[in-house]
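# What the coordinates show
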Amino acid sequence: MSSENMTLKLKIWRQKDSFEAGKMVDYTITGVSPDMSFLEMIDVLNDDLIRKGDDPVAFDHDCREGICGMCSMFINGEAHGPNRGVTTCQLHMRSFNDGDTIYIEPWRSQGFPVIKDLMVDRGAFDRIIQAGGFISVNTSGRTLDANAIPIAKEDADTAFDAATCIGCGACVATCPNSSAMLFVGAKVSQFALLPQGHPERKERVVNMVKQMDEEGFGNCSNIGACEVQCPKNISIEVIARMNREYFGALVKPEN
Amino acid sequence: MKLDARIPEGPLDQKWTRYKNSVRLVNPANKRNIDVIIVGTGLAGASAAASLAEMGYRVKAFCFQDSPRRAHSIAAQGGINAAKNYMNDGDSVYRLFYDTIKGGDYRSREANVHRLAEVSTNIIDQCVAQGVPFARDYGGLLDNRSFGGTQVSRTFYAKGQTGQQLLLGAYSAMSRQIGKGNVKLYNRHEMLDLVIVNGKARGIIARNLVTGELERHSAHAVVLCTGGYGNVFFLSTNAMGSNVTAGWRAHRRGAFFANPCFTQIHPTCIPVSGDHQSKLTLMSESLRNDGRIWVPKFKEDAEAIRAKKLKPTDLPEDRRDYYLERRYPAFGNLVPRDVASRAAKERCDAGFGVNATGEAVYLDFSAAIMRYGRTEATVRGIHNASEDQIRELGEKLVEAKYGNLFQMYEQIVAENPYKTPMMIYPAVHYTMGGIWVDYELMTTIPGCYACGEANFSDHGANRLGASALMQGLADGYFVLPYTIGNYLADEIRTGAISTDTPEFAQAETAVRQRLEALLSANGSNPVDYYHRKLGKIMWDKCGMGRNAEGLKQAIQEIKALRAEFDKGIKVPGSMKGMNPELEKAARVQDFLELGELMCIDALTREESCGGHFREEFQTEDGEALRMDDTYNFVSSWKFTGDASNPALHKEALIYENIKVSQRSYK
Amino acid sequence: MATPLFKSSIVKKLWMALTGLFLILFLVVHAGINAMIFFNDEGATFNQWAHFMGTNVLIRTAEIGLFIGFIVHIVDGLMLYFQNRKARPVRYARENAGVSSKWYSRSMALLGTLILLFLVLHMAHFWVKTRVTELSVDQKAVLIDGHLYENLYAEMDMVFQSPLVVVIYVLGCLALLYHLLHGFRSAFQTLGIGQHKYTGAIAVAGDAFSVIICALFASMPVAMYFDLIK
């Protein structure tokens with residue numbers, strides 16, 4: 001059980017910018033309340049660093065309610081820390097004990113270069129979506145009526161489950177191979193399960209996988225760590241579905 | 001300057017059609033020579049960028065986050081309204097229009113709201129075509145649910161993540177255009193000034209947040225889709241980065257700011273747990289369907305609970321005060337957001353609040369659990385079920401309805417809401433006010449537009465649930481793409497706009513000087529120190545209840561805080577490279593000016609309406625008292641060069657189609 | 001859409017899965033024939049089957065395929081390993097990988113290398129002698145039902161008299177066990193047969209298969225060493 005007023009030892013990755021090498025730096029923080037969120041604990045540390053004239057720790061964060069996908073810390077060897085189904089911003093200090101040492105590192109992947117300290121560049125994910133993560137329909141509003149094509153509830157629900165991906169990159173960070181297949185598989189699955197996505201399903205999967213490979217991520221070897229540490233509990237079923245879609249496109253490239 | 005909303009002539013339901021039929025067009029060849037800057041990539045920004053790029057304009061999109069998909073539209077939970085009438089419950093464009101005007105407490109523009117209701121149906125068609133996985137029923141058709149302030153089911157949803165799914169739809173439409181080269185994306189870029197050349201918006205000064213460089217970007221039109229300003233309160237349900245800077249800088253360059261005091265305070269949020277709190281988390285409004293709100297009836301009990309000497313579950317019924325049921329027997333726990341929020345504040349101010357800070361009330365599900373449990377026991381044919389059995393059955397049903405919300409609550413508060421009542425307190429959620437725009441969504445600066453929450457146009461003094469998503473997408477997909485052409489039709493001969501002009505140089509220098517001043521103040525307090533102070537002033541004096549005396553004090557306090565900020569701020573690092581503290585400092589500097597304008601606006605508006613409750617203007621029963629004869633107008637503020645002396649311009653609101661009446665929930 | 005055979009990450013893992021399944025099929029045949037030693041007929045049935053496998057044209061042709069399968073599996077596997085190492089140029093200071101995945105899933109390259117080393121020894125013990133050189137035992141052939149057969153059974157019996165060899169073989173089987181525990185279900189996941197309705201069955205079948213095959217293989221040197229079969 002965590003006490004009301006904890007003292008913690010932090011080991012944080014500090015790196016000035018993408019050009020200079022970084023290193024782990026030790027900090028001690030006192031007066032940590034178990035009700036604080038993990039990011040609020042870093043806020044307190046930064047407040048202290050600024051007052052002392054030091055450079056505060058740079059980290060990505062925005063909504064602080066687990067949906068924007070911006071926060072991205074590798075805490076004690078796990079993406080988003082020890083709890084399951086939550087992002088870093090939803091982790092609270094009551095998950096730690098007085099006197100603990102906490103390692104805090106950025107996502108590590110060739111595809112996610114460090115910008116500063118704990119901030120990484122996840123532009124690769126955007127480029128993968130730009131390569132094909134969409135349905136090519138113009139925004140005229142003059143499409144079919146929304147109810148013109150019924151979609152089986154089960155398919156709609158499965159598509160939704162895949163669509164809950166927040167693009168945080170925890171899958172890449174936690175994968176021993178640094179593979180991005182859970183992210184790509186989730187988007188491919190969402191559109192493969194909906195009739196609206198069918199007309200361009202083949203180009204889509206081929207183009208997205210091609211872009212993924214060009215971004216420097218590793219290859220998937222079905223280790224399965226990604227689905228365990230995904231804050232939205234996306235299953236590696238989406239990777240199996242992406243593989244099927246891909247083979248389909250290889251065997252018969254035309255739609 | 002006389003404000004002209006440029007509302008088209010003709011009957012209400014034909015204005016938009018007539019407008020579209022007669023508006024000027026830009027031919028495709030000419031569109032290729034026209035640049036449009038879009039700032040912000042939320043629902044409004046991403047949908048506008050995608051639409052304008054498809055039409056052929058060259059679009060530059062800016063967001064301060066690492067990716068356009070992070071915009072805070074993503075956090076919207078409940079749903080999106082549309083007058084589809086799929087449920088066959090009598091819904092229509094007119095009803096959606098009427099509900100929105102009435103919900104806004106008769107302080108919005110009829111023509112804009114009617115147009116919003118008209119295009120609402122297109123949004124759903126569009127999103128389904130884009131692959132947005134809305135909830136469906138077993139027949140495979142779209143499901144709807146009902147929301148506050150209406151009598152029909154017109155809310156489309158994707159579990160509790162509707163905003164996320166809609167934003168990702170708009171993001172993918174925009175990504176498609178980025179992939180084609182029609183949109184150039186500038187992520188991790190923040191707009192710090194608007195550049196005006198010969199009276200027209202011609203570009204922006206943006207800071208590349210990675211390199212720290214200031215960049216000049218030119219365009220034939222600038223569209224601000226930069227969201228709301230709720231973070232002026234420091235604690236709100238907004239994202240940490242949500243800010244008013246783009247809008248405020250445009251305001252300082254001549255864009256009027258309308259109804260800044262209209263803020264929506266949501267009644268069911270998780271209360272503040274301590275001084276370290278950085279933001280607040282919303283618990284969906286739907287919980288009020290089954291939860292009963294109460295505080296202890298006697299102060300000694302409240303004190304004992306605060307000291308943790310007494311548990312709420314140990315307090316007998318006759319020592320509890322179900323104050324909403326007591327005050328509003330007809331609507332009970334389901335009164336509108338503004339009413340529920342004010343009532344909670346009233347009880348806590350009187351000393352009946354329950355958590356350590358004294359700022360929380362209970363939202364209790366035990367009655368619902370037992371009620372559901374008894375029904376379930378009957379359904380299963382268990383006639384002599386024990387209390388425990390009934391409770392267990394009931395908890396299962398409540399879990400099926402609200403499981404994810406209960407889990408989220410437990411994650412944050414570390415208490416089991418099935419066993420002990422939830423604690424909730426109101427929090428700032430949405431801002432109805434914003435940059436003034438005309439019917440075409442153009443601000444008072446020619447060529448500068450504002451869409452989504454950034455503008456003031458559609459929600460009056462109070463927004464209905466599930467209408468924010470509707471407005472953001474309506475503006476971006478279906479309104480702006482038509483209206484902007486009317487302006488750009490004159491720009492086809494302008495040619496590329498150079499950034500190598502005195503106007504750009506002057507703006508860039510001003511930004512540089514401002515940032516350098518922040519860096520060189522070399523005081524002793526980090527930015528958050530001042531932001532928290534500002535937030536407290538705003539919350540205490542320009543929050544749920546406002547009065548002339550408090551507002552006057554707030555104005556003085558904010559002025560003093562601004563002076564203190566300029567000298568006492570400590571921003572580490574330099575202009576070069578990534579410097580999040582510098583970003584925050586510039587944003588808080590703008591909040592410090594906006595806060596004062598909000599108080600001035602609240603002081604000027606001597607009536608109570610929607611989210612604006614002036615304590616001097618209430619009925620004998622403590623309800624909001626609107627002054628339709630004197631205050632039926634939009635307060636639109638012009639920046640005069642001195643933040644403390646803005647000039648008020650009034651846009652009269654004319655209701656030709658709706659009869660203005662007083663709301664009652666007794 | 002010309003996708004070079006080894007360029008796409010999904011094609012790379014497809015090769016791993018296909019060759020892996022092919023090798024699994026080989027293991028079944030191999031284990032099945034070797035298990036003939038348990039007939040306790042002094043290796044008569046076993047030697048007859050070994051003769052068939054060594055002389056049948058179809059089988060010998062398939063053997064070439066087997067070699068190619070091995071080489072593709074090894075080369076592709078090593079390529080994946082080195083590419084994946086490169087994909088994380090800076091390692092984590094602290095990794096707690098054990099909570100989200102199995103050690104053997106993360107160690108397929110290591111396990112594969114161990115198996116390869118074992119395979120070199122194993123081939124030197126038997127394959128080289130039957131196909132290239134000749135058996136080491138004195139009685140190189142044995143008469144069964146009037147036909148003369150190569151006495152592979154005796155060769156096995158001789159090799160497995162060394163306790164060191166038996167231990168190495170058992171360890172080799174252990175490496176194979178863990179390689180299969182991941183490899184079997186992984187192959188199905190790669191082929192896209194990874195939906196909830198199948199995963200449970202595939203996992204159970206894979207685990208059972210891995211344990212049975214490896215226990216069967218390991219039991220052979222052990223049984224021979226302790227003279228449990230005649």
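Residues numbered from 1 in each chain as written. Chains lettered and ligands numbered in written order. Predicted model: local features only at pLDDT ≥ 70, side-chain atom pairs only at ≥ 80, totals over all residues.

### Points about the overall build of chain B
Along its length, chain B carries 18 helices and 20 strands. Expected size for 666 residues packed as a compact globule is a radius of gyration near 26 Å; at 25 Å, chain B falls within 12% of this value. Each principal axis of the C-alpha atoms in chain B carries an extent, and together these give about 85 × 60 × 50 Å. By the burial criterion, 58% of the 666 residues in chain B qualify as buried. For chain B, long-range pairs separated by at least 24 residues make up 73% of all intrachain contacts whose partners lie at least 6 apart in sequence. (Helix = DSSP H or I, 4+ residues; strand = E, 2+ residues; numbered from the N terminus. Rg over C-alpha atoms; globule rule 2.2 N^0.38 Å. Buried ≥ 20, exposed ≤ 12 C-beta atoms within 10 Å, placed from the backbone. Contact = placed C-beta atoms within 7 Å.)

### Topic: the overall build of chain A
A tally of helices and strands in chain A yields eight helices and seven strands. Summarising its shape, the C-alpha atoms of chain A cover approximately 60 × 40 × 35 Å along the three principal directions. Counting all 255 residues of chain A, 62% fall into the buried class. Here the analysis covers contacts within chain A between residues at least 6 apart in sequence; of these, 71% occur between residues at least 24 apart.

### A closer look at the arrangement of the chains
For this structure, the chain pair with the highest number of contacts among two pairs of chains in contact is chains A and B. There is a gap between chain B and chain C: no contact, and a shortest C-alpha distance of 19 Å.

### Points about the sheet that holds strand 10 (residues 221-224) of chain B
Residue and element names in this part refer to chain B. Spatial ordering of the open sheet is given by 6-2-1-10-18, a layout of five strands whose pairing is parallel. With one partner strand each, in any of the chains shown, strand 6 (183-186) and strand 18 (448-450) form the two edges of the open sheet. Taken pair by pair, the neighbouring strands of this sheet meet at an average axis angle of 20°, ignoring direction. Relative to strand 10, strand 1 (residues 35-39) runs parallel, the two being bridged by four bridges. When the bridges of strand 10 are listed, Val-36 appears paired with Ala-221. (Pairing = 2+ DSSP bridges. Axes fitted to C-alpha atoms, helices over the stretch in contact; angles between N-to-C directions.)

### Structural notes on the interface of chain A and chain B
Every contact between the two is made by 65 residues of chain A and, on the other side, 66 residues of chain B. Mapped onto the side of chain A that touches chain B, the elements with two or more residues apiece are helix 1 (38-51), strand 6 (114-116), helix 2 (123-132), helix 3 (153-163) and helix 5 (181-192) of chain A. With seven residues, the top contributor of residues to the side of chain A that touches chain B is helix 1 of chain A. Taken together, the residues that form the side of chain A that touches chain B break down as 30 nonpolar, 18 polar and 17 charged. (Nonpolar A, V, L, I, M, F, W, Y, C, P; charged D, E, K, R; others polar.)

### Observations concerning the sheet that holds strand 15 (residues 361-364) of chain B
All names here are of chain B. Spatially, 12-16-15-13-14 is the arrangement adopted by the five strands of the open sheet, whose pairing is antiparallel. Among the strands making up the open sheet, the edge pair consists of strand 12 (263-269) and strand 14 (320-321). Strand direction decides the pairing type here: strand 12 and strand 16 (residues 422-431), joined by five bridges, are antiparallel. Its bridge partner being in strand 16, Thr-263 is matched across the sheet by Thr-431.

### Here we look at the domain arrangement of chain A
Residue and element names in this part refer to chain A. Each assigned domain of chain A is listed here: domain 1 (6-105) and domain 2 (122-251). The centre of domain 1, based on its C-alpha atoms, is set 30 Å off from the matching centre of domain 2. Contact residues are listed per partner, giving twelve residues for domain 1 and ten residues for domain 2. Of the residues belonging to the side of domain 1 that touches domain 2, the class tally is five nonpolar, six polar and one charged. (Domains from an automatic or database assignment.)

### What about the nonpolar core?
Of all hydrophobic cores here, the largest spans 319 residues; its most connected members are Leu182(A), Ala49(B), Val223(B), Leu224(B), Val361(B), Ile435(B) and Tyr449(B). Sort the elements by how many residues they give to this core and helix 17 (residues 580-604) of chain B lands first, with 13 residues. For Leu182(A), the residues in contact, after removing those within four places along its chain, are Cys171(A), Cys226(A), Glu227(A), Cys230(A), Ile234(A), Ile236(A), Val238(A) and Ile239(A). (Core = buried A, V, L, I, M, F, W, Y, C linked by C-beta atoms within 7 Å.)

### Comments concerning the pairing of strand 1 of chain B
All names here are of chain B. Of all five residues in strand 1, five are buried, a share of seventy percent or more. Going residue by residue along strand 1, you find Asp-35, Ile-37 and Val-39 tucked away on one face and Val-36 and Ile-38 tucked away on the opposite face as well. In terms of strand pairing, strand 1 meets strand 2 (residues 58-62) through five bridges, oriented parallel. In the sheet register, Ile-38 faces strand 2, and the bridge partner there is Ala-61.

### Quick word on helix 6 (residues 201-214) of chain A
All names here are of chain A. With 14 residues, helix 6 should cover 20 Å at 1.5 Å per step; its first-to-last C-alpha distance of 20 Å lies within 8% of that length. Listed as buried for helix 6 are Arg-204, Val-205, Val-206, Met-208, Val-209, Gln-211, Met-212 and Asp-213. Phi for Gly-216, located one or two positions after helix 6, is positive at around 90°. (Expected span 1.5 Å × (residues − 1).)

### Topic: the environment of Asp13(B)
All names here are of chain B. As for its placement among the helices and strands, Asp-13 is situated in the segment before helix 1 (15-22). Given 15 C-beta atoms within 10 Å, Asp-13 falls into the partly exposed group. Each C-alpha atom of the pair Asp-13 and His-114 lies 7.1 Å from the other, and the pair is 101 residues apart in sequence.

### Things to note about the environment of Asp590(B)
Residues and elements named next belong to chain B. Position of Asp-590 relative to the elements: it lies in helix 17. Between the alpha carbons of Asp-590 and Val-244 there is a distance of 7.0 Å; along the sequence they are 346 residues apart. The contacts of Asp-590, once residues within four sequence positions are left out, are Val-244, Thr-245 and Trp-248.

### Considerations on the pairing of strand 10 of chain B
Residues and elements named next belong to chain B. Because side chains alternate across strand 10, one face comprises the buried residues Ala-221 and Val-223, and the other comprises Val-222 and Leu-224, equally buried. Where strand 10 meets strand 18, three bridges bridge the pair, whose relative direction is parallel. For Val-222, the partnering residue across the bridge sits in strand 18 and is Cys-448.

### Regarding unusual backbone geometry
For residues besides glycine, phi is generally negative; the peptide bonds are generally trans as well. Residues and elements named next belong to chain A. Of note in this structure, Asn-76 is not a glycine but carries a positive phi near 45°. Inspection of the secondary structure assignment puts Asn-76 in the loop between strand 3 (74-75) and strand 4 (78-79). Positive phi is not limited to glycine here, since His-80 has a value of about 65°.

### Considering the packing of helix 1 (residues 9-34) of chain C against helix 7 (residues 163-190) of chain C
Residue and element names in this part refer to chain C. Between helix 1 and helix 7, the least distance of the axes is 9 Å, while the angle of their chain directions is 130°. One element, helix 1, and the other, helix 7, form an angle in the oblique class. Handedness of the crossing formed by helix 1 with helix 7: left-handed. Across from Lys-13, Leu-14, Met-16, Ala-17, Gly-20, Leu-21 and Ile-24 in helix 1, the residues of helix 7 making contact are Gly-183, Phe-184, Ala-187 and Thr-190. Considered class by class, the residues forming the contact of helix 1 with helix 7 number seven nonpolar, three polar and one charged. (Parallel < 35°, antiparallel > 145°, perpendicular 65-115°, else oblique. Left-handed = near helix turned anticlockwise from the far one by under 90°.)

### Section: the domain arrangement of chain B
Residue and element names in this part refer to chain B. Looking at the assigned domains, one finds that chain B contains domain 1 (269-427) and domain 2 (502-628). Look at where the C-alpha atoms of domain 1 and domain 2 centre, and you get two points 34 Å apart. Taken together, the five residues of domain 1 in the interface contact five residues of domain 2. No other element matches helix 10 (residues 337-349), which puts four residues into the side of domain 1 that touches domain 2. In terms of residue class, the side of domain 1 that touches domain 2 is made up of one nonpolar, one polar and three charged.

### Some thoughts on the interface of chain A and chain C
At the interface, 40 residues of chain A touch 36 residues of chain C. Secondary structure elements with two or more residues in the side of chain A that touches chain C: strand 5 (101-105), helix 6, helix 7 (225-229) and helix 8 (237-251) of chain A. Counting residues per element, the side of chain A that touches chain C draws most heavily on helix 8 of chain A, at eight residues. When the residues that make up the side of chain A that touches chain C are grouped by side-chain class, the tally is 17 nonpolar, 15 polar and eight charged.

### Focus on the environment of Gln130(B)
Following the sequence through the fold, Gln130(B) ends up in the loop between helix 5 (110-129) and strand 4 (145-146). Note on Gln130(B): 26 C-beta atoms within 10 Å, which makes it buried. Each C-alpha atom of the pair Gln130(B) and Gly381(B) lies 47 Å from the other, and the pair is 251 residues apart in sequence. Residues within four places of Gln130(B) in sequence aside, it is in contact with Ile135(A), Val137(A), Gly169(B), Ser172(B) and Ala173(B).

### Observations concerning helix 2 of chain A
Three or four residues apart is the spacing at which side chains of an α-helix point the same way, because the helix has 3.6 residues per turn. The buried fraction of helix 2 of chain A is high, at eight of ten residues. Looking at helix 2 of chain A, one finds that the buried residues are Ala124(A), Phe125(A), Asp126(A), Ile128(A), Ile129(A), Gln130(A), Ala131(A) and Gly132(A). Of the surrounding elements, those touching the buried residues of helix 2 of chain A are helix 5 and helix 6 of chain A together with helix 6 (162-179) of chain B.

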